[in-house]
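# Observations on the model geometry
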Amino acid sequence: MRIGPFELPNRLFVAPMAGVTDRPFRQLCRRLGAGYAVSEMVTSRKDLWHSLKTSRRADHTGEAAPIAVQIAGTDAAMMAEAAAYNIDRGAQIIDINMGCPAKKVCSKWAGSALMQDEPLATAIIEAVVASCAPHGVPVTLKMRTGWCQAERNAVRLARIAESAGVAMVTVHGRTREQGYKGAAEYDTIAAVKAALRIPVVANGDISSARKAREVLATTGADALMIGRAAQGRPWIFREIAHFLATGEDLPPPEVLQAKQWLLEHLQEHYGLYGEFTGVRTARKHIGWAVRALPGGEAFRAQMNLLERSEDQVLALSDWFDRLADLHQRLPATSGAANDDLMALEA
Ligand SMILES: Cc1cc2nc3c(=O)[nH]c(=O)nc-3n(C[C@H](O)[C@H](O)[C@H](O)COP(=O)(O)O)c2cc1C
């Protein structure tokens with residue numbers, strides 16, 4: 001699997017998720033089997049580039065190549081400038097966001113709303129490619145199947161992107177109108193794959209190794225992108241990789257191993273966000289990690305009251321030690337339970 005000059009170790013990608021796929025989480029997922037990670041979106045608005053939020057998003061310290069940065073915006077010239085700005089700060093691949101349904105972006109006609117305006121979408125793609133080409137930086141595109149059920153124009157837009165020089169297209173199998181409701185459909189992704197020569201990545205509702213195999217088979221996609229199912233379960237990438245390679249399930253991680261990974265993630269997380277913000281934003285990662293485990297909901301409620309990083313670390317550590325007295329490996333959660341949890345997150 002290649003994106004431009006970059007050879008990737010496998011075809012399992014962690015999805016860009018604003019407020020989730022920050023540097024520590026990307027590094028954790030890559031360590032646990034993701035072959036590629038795209039950063040949370042960075043706005044094309046220049047006035048926000050020096051904000052704390054954007055500078056944290058543009059922090060790639062210690063991250064392995066290729067560093068991929070997603071940009072979001074509504075204006076072709078601003079998007080071209082945002083691409084150049086991020087390349088100056090270390091981006092080696094630029095991803096254009098035409099997949100995100102967040103209102104904040106869509107009220108300004110960015111993200112997946114761009115799919116409704118093909119001339120504007122085309123102008124943005126062409127401007128970003130022109131800005132990246134002199135640096136040898138590939139441009140990728142992330143989109144949905146279309147704006148609404150009646151307007152599923154993913155194939156048309158993907159063709160436009162390929163002709164404009166885009167190196168890879170990712171398709172989330174829902175329309176903008178659907179948000180995260182209903183089930184992802186894979187026929188449109190299969191149609192995009194059939195229409196293009198560049199790599200196509202399938203995304204949406206991949207929550208288990210078996211589902212991963214099924215989506216690869218139905219779409220013929222070159223790679224898979226996984227978002228919500230990796231929240232609190234970053235080892236899903238190695239589980240899928242193992243299953244695809246051998247046809248056998250990898251046993252769940254040992255409780256003490258999972259504890260170690262989560263504690264290491266927390267340290268990186270506090271390092272990026274600092275004590276105050278770090279403690280508050282770590283709560284969701286801890287909550288995701290324990291929610292489906294026995295007693296996890298009760299622990300989550302107590303843990304949310306803690307105000308200091310050292311207390312969070314101690315509480316998490318004790319809780320996992322107690323779980324380890326009862327179980328050597330993480331108790332398996334059913335696929336249905338995972339799907340319910342994903343629906344809750346959306
Ligand atoms: C909390 C959250 C934040 C997201 N932020 C972004 C984003 O910044 N850019 C983007 O292209 N997609 C974003 N997405 C969409 C995901 O990348 C992905 O397409 C979607 O969640 C479907 O995949 P999944 O079913 O594996 O979660 C976000 C999704 C979630 C749940």
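Just above sits the structure.
Analysis parameters
Every chain is numbered on its own, with residues counted from 1 as its sequence reads. For a predicted model such as this one, the threshold for reporting local features is a pLDDT of at least 70, and the threshold for listing and counting side-chain atom pairs is 80 or more; totals across whole chains, interfaces and linings nevertheless cover every residue. Processing note: side-chain calculations cover all non-hydrogen atoms of the structure and skip hydrogens and water entirely. We call a residue near a given molecule or strand whenever any one of its heavy atoms falls within 4 Å of it. For the purposes of these results, a polar contact is taken to be a pair of N or O atoms within 3.5 Å, where, inside protein, one atom must be able to donate a hydrogen and its partner to accept one; residues adjacent in sequence count only when each atom of the pair is a side-chain atom. Note that accessible areas follow from Shrake-Rupley with a 1.4 Å probe, and for residues the cover is restricted to the protein chains shown. By the convention adopted, Pro, Cys, Tyr, Trp, Phe, Met, Ile, Leu, Val and Ala count as nonpolar, Lys, Arg, Asp and Glu as charged, and the other residues, Gly among them, as polar. Strands pair, by our definition, only if DSSP identifies at least two bridges between them. Each helix is a run of DSSP H or I of at least 4 residues and each strand a run of E of at least 2, with the numbering of both proceeding from the N terminus. Inter-axis angles, ranging from 0 to 180 degrees, are taken between N-to-C directions of lines fitted to C-alpha atoms, where helices are fitted over the stretch in contact. Contacts are residue-level and defined by heavy atoms, with any inter-residue pair within 4.5 Å sufficient. Note on classification: 1.4 Å probe, protein chains only; a residue is buried when its accessible area is under 20% of the maximum for its type, exposed when over 50%, partly exposed between these limits. Pairing of aromatic rings covers Phe, Tyr and Trp, the last through its six-membered ring, and needs centres within 6.5 Å; plane angles under 30 degrees mean stacked, over 60 mean edge-to-face, and all others mean tilted. Handedness of a crossover: with both strands directed away from the viewer, a clockwise path from the first strand across the helix to the second marks it as right-handed. Any angle that falls under 35 degrees is termed roughly parallel, while one over 145 is termed roughly antiparallel, one within 65 to 115 roughly perpendicular, and all others oblique. For any helix crossing, the convention is left-handed if the near helix is rotated counterclockwise from the far helix by under a right angle, and right-handed if that rotation is clockwise.

### What about the site of the ligand?
Taken together, the neighbourhood of the ligand is formed by 18 residues, with P16, Q70, N203, D205 and R228 sitting nearest. Q70 places a polar side-chain atom, nitrogen or oxygen, 2.7 Å from a nitrogen atom of the ligand. In this structure, G227 approaches the ligand through a main-chain N or O atom, which is 2.8 Å from an oxygen atom. In isolation the ligand has 600 Å² of accessible area, and contact with the protein removes 92% of it. Looking at the shell around the ligand residue by residue, the class counts come to 9 nonpolar, 6 polar and 3 charged.

### Regarding the sheet that holds strand β10 (residues 223-226)
The strands making up a sheet associate through hydrogen bonds between their backbones, and the pairing can be parallel or antiparallel. With parallel pairing, the 8 strands of this closed barrel are ordered in space as β3-β4-β5-β6-β7-β8-β9-β10. Between one strand and the next, the sheet's axes are offset by a mean angle of 30 degrees, whatever the strand orientation. Sheet topology places strand β6 (residues 93-98) next to strand β7 (residues 139-146); 5 bridges connect them, and they run parallel. Looking at β7, one finds that M98 is bridged to M143. Packing of helix α1 (residues 23-31) onto the sheet brings it into contact with β3 (12-14) and β4 (36-43), and relative to β4 it is tilted by some 165 degrees. Contacting β7, β8 (168-175) and β9 (200-203), helix α7 (residues 187-195) crosses the sheet at an angle of about 175 degrees to β9.

### Considerations on unusual backbone geometry
The omega torsion of the bond from A65 to P66 falls at -5 degrees, within 30 degrees of zero and hence cis. Even without being glycine, D205 reaches a positive phi, approximately 65 degrees. Tracing the sequence through the fold places D205 in the loop between β9 and α8 (209-219).

### So, the pairing of β7
Working note: regular strand, side chains alternate between the two faces of the sheet. Burial within β7 is extensive, with 8 of its 8 residues counted as buried. Sheet analysis places β7 next to β8, joined by 6 bridges and oriented parallel. In the strand pairing of β8, L141 is matched with V169.

### Observations regarding the packing of aromatic side chains
The tally for this structure, following the rule as stated, stands at 5 aromatic pairs. Aromatic pair W319 and F320: ring centres 5.4 Å apart, planes at 85 degrees, arrangement edge-to-face. An aromatic cluster is built from F299, W319 and F320, whose rings are joined through pairwise contacts.

### Considerations on the pairing of β10
With burial as the criterion, each face of β10 is covered, one bearing A223 and M225 and the other bearing L224 and I226. As paired strands, β3 and β10 are joined by 3 bridges and run parallel to one another. Looking at the pairing, V14 lines up with I226 of β10. Sheet topology note: the β9/β10 ladder contains 3 bridges and is parallel. From the neighbouring strand, V201 faces β10, where its bridge partner is A223. Each parallel crossover has a hand, and the one from β9 via α8 to β10 is right-handed.

### Some remarks on the packing of helix α10 (residues 255-290) against helix α11 (residues 296-303)
How two helices pack is summed up by the angle between their axes together with the distance between the axes. Across the interface, α10 lies against α11 with an axial gap of 9 Å and an inter-helix angle of 165 degrees. In this view, α10 runs roughly antiparallel relative to α11, as classed from their interaxial angle. The crossing of α10 and α11 is right-handed. For the pair α10 and α11, contact is made by R283, I286, G287 and V290 and by G296, F299, R300 and M303, respectively. Tallied by class, residues from the contact of α10 with α11 come to 4 nonpolar, 2 polar and 2 charged.

The analysis is restricted to geometry; functional conclusions fall outside its scope.
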